[in-house]
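In case you want the letters, here they are:
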Amino acid sequence: MPVLVLCYAVICLAWFLRVLSRRLRRPELRSLSLTDRLRRLELGILLLPAVAALAGLSGPVDGTLGMATPLIAVAIWTFAPAYVTSGVVPLSLVAVGLDGFLRLRDYLRGTSWASRYGLAHTGNGAAYPQLVLLQAYLFIAVGLYLLWWTHRTSPWARAVLRRPGRKPGGVSVPRWSLLLVPVTIMVIELLGRTSWFGASWWGPGLTLVAAAAAVVSVIRFPALAADLAFAAFILLGLYGVALSAFWPSHVPLPSPYTPDVRFGVVLVDGRPSAILAGIEGLALLGFGLWLVPRALDDRTRALLRSATDADLAVRVVRLTRTRADAVDGAAAEIRRLERDLHDGAQARLVALGMSLRAAERLIATDQAAAAALVAEARETSVKVLADLRDLVRGICPPVLADRGLADAVRALALDTPLATDVEVDLDGRPDLPVETACYFAVAEVLANAVKHSGARRAYVRIWHSDGALRITVTDDGAGGADPQRGSGLLGLERRLATFDGILAVNSPPGGPTIIAIEVPCALAVSA
Amino acid sequence: MRVVIAEDLFLLRDGLTRLLRAHDIEVTAAVGSGPELLKALLEEKPDIAVIDVRLPPTFTDEGLRVALEARQRLPGLPVLVLSQYVEQLYARELLSDLAGSVGYLLKDRVFSDEAFVEALRTVANGGTVLDPEVIGKLLRRRQADEPVAALSPREREVLELMAQGRSNAAIAQRLYVSEKAVSKHSTSIFAKLGLEPSDDDNRRVLAVLAYLNS
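Residues numbered from 1 in each chain as written. Chains lettered and ligands numbered in written order. Predicted model: local features only at pLDDT ≥ 70, side-chain atom pairs only at ≥ 80, totals over all residues.

Scanning chain B from terminus to terminus reveals 11 helices and 6 strands. Within chain B, the proportion of its 214 residues that are buried is 43%. The long-range fraction of contacts in chain B, counting pairs at least 24 apart against all pairs at least 6 apart in sequence, stands at 62%. (Helix = DSSP H or I, 4+ residues; strand = E, 2+ residues; numbered from the N terminus. Buried ≥ 20, exposed ≤ 12 C-beta atoms within 10 Å, placed from the backbone. Contact = placed C-beta atoms within 7 Å.)

Structure (structure tokens):
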């Protein structure tokens, strides 16, 4: 038997590793760092087998269920889209954590049914029951962290965590999300606050805190709250049905001792009230199922249809817009160059030619006048050079071409009439277009700081991490910079968007102003 | 005076060579790339090198790098770096060894050949010559600072010329005042900036530049 189990585990692991390596080597991910690749693949999945194994370890280890879970996990991972699995993992962790609380409740009530929870045993005579609580917190924390960790790349997590009103014409707050509040209170009651805290005021306090947390999530993450609400209704309903069916045995497994359980409006202390609980459970279950199609908003429906299509559609819209911006920007730039050349260098060269022609005519008759004209021509040529120098600086600053972003920004800091410290941590150079865009972004931000903020010091930091070039420009000025009002920052944002870059402004009135720029790019290793 | 010239455009290289020869200056080598320049400098050990910043093979700041490297191997080797643009960053790098004998000028300055040849001689004699544009930028950056703001307009003019590397006599001539007046101004400037006064022109320039660059 152990040999069989071992073979089975090895097969599962080999399968898992094979799929993982194949996904990691996908060509579109090649330019990214390993961490980024994992993130793009929604690493949450790496923990799926771990979660499955934990679920298998918890409860009675009768073998079949415990052995089947890794297999199911790997199968889900192989065949389901990445966003599904990455959503499953954090949520499973949270669910396993909540299960820990239920088990501890039973332990506190003195149930003699011993069960395993991760590394500890619960039930009468268990050693280290506090380990259960610790593990439960840990599972919930890791689950929530993973949710946050993947939210930038996982469309599921992003949709769930998105704040309302961020996107123009975005998601309206689903009405159903408000149901999260009563559901939360019910769950707290079910967890049996009296057996945790006795009659002290901690019990009602906990209920209040949980309800407040529910209200906050309804406001901050309405989409998440709506999803959680209907999921909770369904789960609570199932629990109620199971409670009534198995009464007086414990749910879901037999136990010689059965405590009272408060389930919604029913206090289950005997057969009749258990039946009432079952009816309530059925009602909740029905209501939860009825909610599903109504609580799902457009974005979730789009996700359920096809994440890839939805993602691609968003990407196409974004690319179309940034491409139009880039073309407009380039055209405006060319017009500016043409005008500068026309009014500057070209006009001066005409004047130069005329001076020389006049000097040529005078040279035989009036040498002094001719010499004066030639001197004038020379002056003009100096001015032409100065014009062209400014023009070149506006296209691509020479230091940038010579040395790259780091020294170009250092040179910029020296030319800025503001004490500016520069700290650069780059192992190579980004592509010249990215460098140029970033350089002009920093130049514009520093120029703004000089013009508007009344700052005395500025601080520029440039580094590369997680596949993106990151820049922060901080000044100690008056703050209050608003990208929506100043067209300069808006223009910068557009220019950076061509490279999928973003610009964030944090400038409370009274300062300080922090401008953060992030452009995804790879670094070419310098020779 | 023996000079090595490095400039990749033939017309300019030729023009420079002729300009210097017209002033009885011996051009021992005129080269067109970074590696050639380094070889020429190490072999010829000229009195001064006139170097264009942008040189093949990289067409970036090759000339500047060779100049810095050559000065590492031959400390104090006088170099006059020419460029289509001037950068404070590059000026700093050239000045950083505090050995003097450095010039950094816009290419346009060769148009006025007397001033150019004078700058060349100053650098060859251990002086420091910086383009007025660099000095202007330096002063602009420091103009809000207390000590610089405390200077009178005339003192600022003198400071600017001093930082460019001009002697008292040259400053006096330029501002149409007596040499004595210039030296009075310079004493006052040094007092206001809190610098050690010095009669030595070179050391004076370096002190001013170090102050402005800090």
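Okay, unusual backbone geometry next. Residue and element names in this part refer to chain B. Here the amide bond leading from P56 into P57 is cis, since omega sits at 5°, within 30 degrees of zero. Position of P57 among the secondary structure elements: in the loop between β3 (48-52) and α3 (62-73). Not every positive phi belongs to a glycine, and K45 is a case in point at roughly 45°. Tracing the chain through its elements places K45 in the loop between α2 (34-44) and β3.

On to the environment of L151 of chain B, then. Residues and elements named next belong to chain B. Within the element layout of this structure, L151 appears in the loop between α7 (146-149) and α8 (153-164). Along the chain, L151 and I189 lie 38 residues apart, while their C-alpha atoms are 7.0 Å from each other. If we ignore the near neighbours within four places in the chain, the residues touching L151 are R156, L159, I189 and K192.

Taken residue by residue, the interface counts 16 residues in chain A and 13 residues in chain B. For the side of chain A that touches chain B, the class distribution of residues is 8 nonpolar, no polar and 8 charged. (Nonpolar A, V, L, I, M, F, W, Y, C, P; charged D, E, K, R; others polar.)

For the rest of this paragraph, the subject is the pairing of strand β7 (residues 457-465) of chain A. The side chains of a regular strand alternate between the sheet's two faces. All names here are of chain A. In terms of strand pairing, strand β5 (residues 419-425) meets β7 through 7 bridges, oriented parallel. Its bridge partner being in β7, E423 is matched across the sheet by R461. Here 8 bridges tie β7 to strand β8 (residues 468-475), and the two strands are oriented antiparallel to one another. Following the sheet pairing, H464 is matched in β8 by L469. (Pairing = 2+ DSSP bridges.)

Okay, the sheet that holds β3 of chain B next. All names here are of chain B. Read across the open sheet, the 6 strands follow the order β2-β1-β3-β4-β5-β6; overall the sheet is parallel. Each edge of the open sheet carries a strand with a single partner, namely β2 (26-31) and β6 (128-130). When strand polarity is set aside, the average angle formed by the axes of neighbouring strands in this sheet is 15°. (Axes fitted to C-alpha atoms, helices over the stretch in contact; angles between N-to-C directions.)

We now examine the pairing of strand β10 (residues 513-520) of chain A. Residues and elements named next belong to chain A. Only one face of β10 is buried: it carries T513, I515, I517 and V519, and the other face, with I514, A516, E518 and P520, is open. Of the strand pairs in this sheet, β8 and β10 are connected by 8 bridges, and their pairing is antiparallel. In the strand pairing of β10, L469 is matched with V519.

Residue and element names in this part refer to chain B. Following both chains from N to C, one finds α2 and α3 inclined at 25°, their axes separated by 9 Å at the closest point. In terms of their interaxial angle, α2 and α3 are classed as roughly parallel. The interaxial crossing formed by α2 with α3 has right-handed handedness. Touching G34, L37, L38, L41 and L42 of α2 are E62, G63, V66, E69, A70 and R73, all from α3. (Parallel < 35°, antiparallel > 145°, perpendicular 65-115°, else oblique. Left-handed = near helix turned anticlockwise from the far one by under 90°.)

It is worth spelling out the nonpolar core at this point. Judged by nonpolar contacts, the single largest core of 94 residues is most densely connected at C438 and V442 of chain A together with L80, V81 and Y104 of chain B. In terms of residue count, helix α18 (residues 432-453) of chain A provides more of this core than any other element does, 9 residues in total. Ignoring anything within four residues of it in the chain, the contact list for C438 of chain A reads L405, L469, I471, I517 and V519 of chain A. Among the nonpolar cores identified, the runner-up in size contains 24 residues, and A214, A225, A229 and L236 of chain A belong to it. (Core = buried A, V, L, I, M, F, W, Y, C linked by C-beta atoms within 7 Å.)

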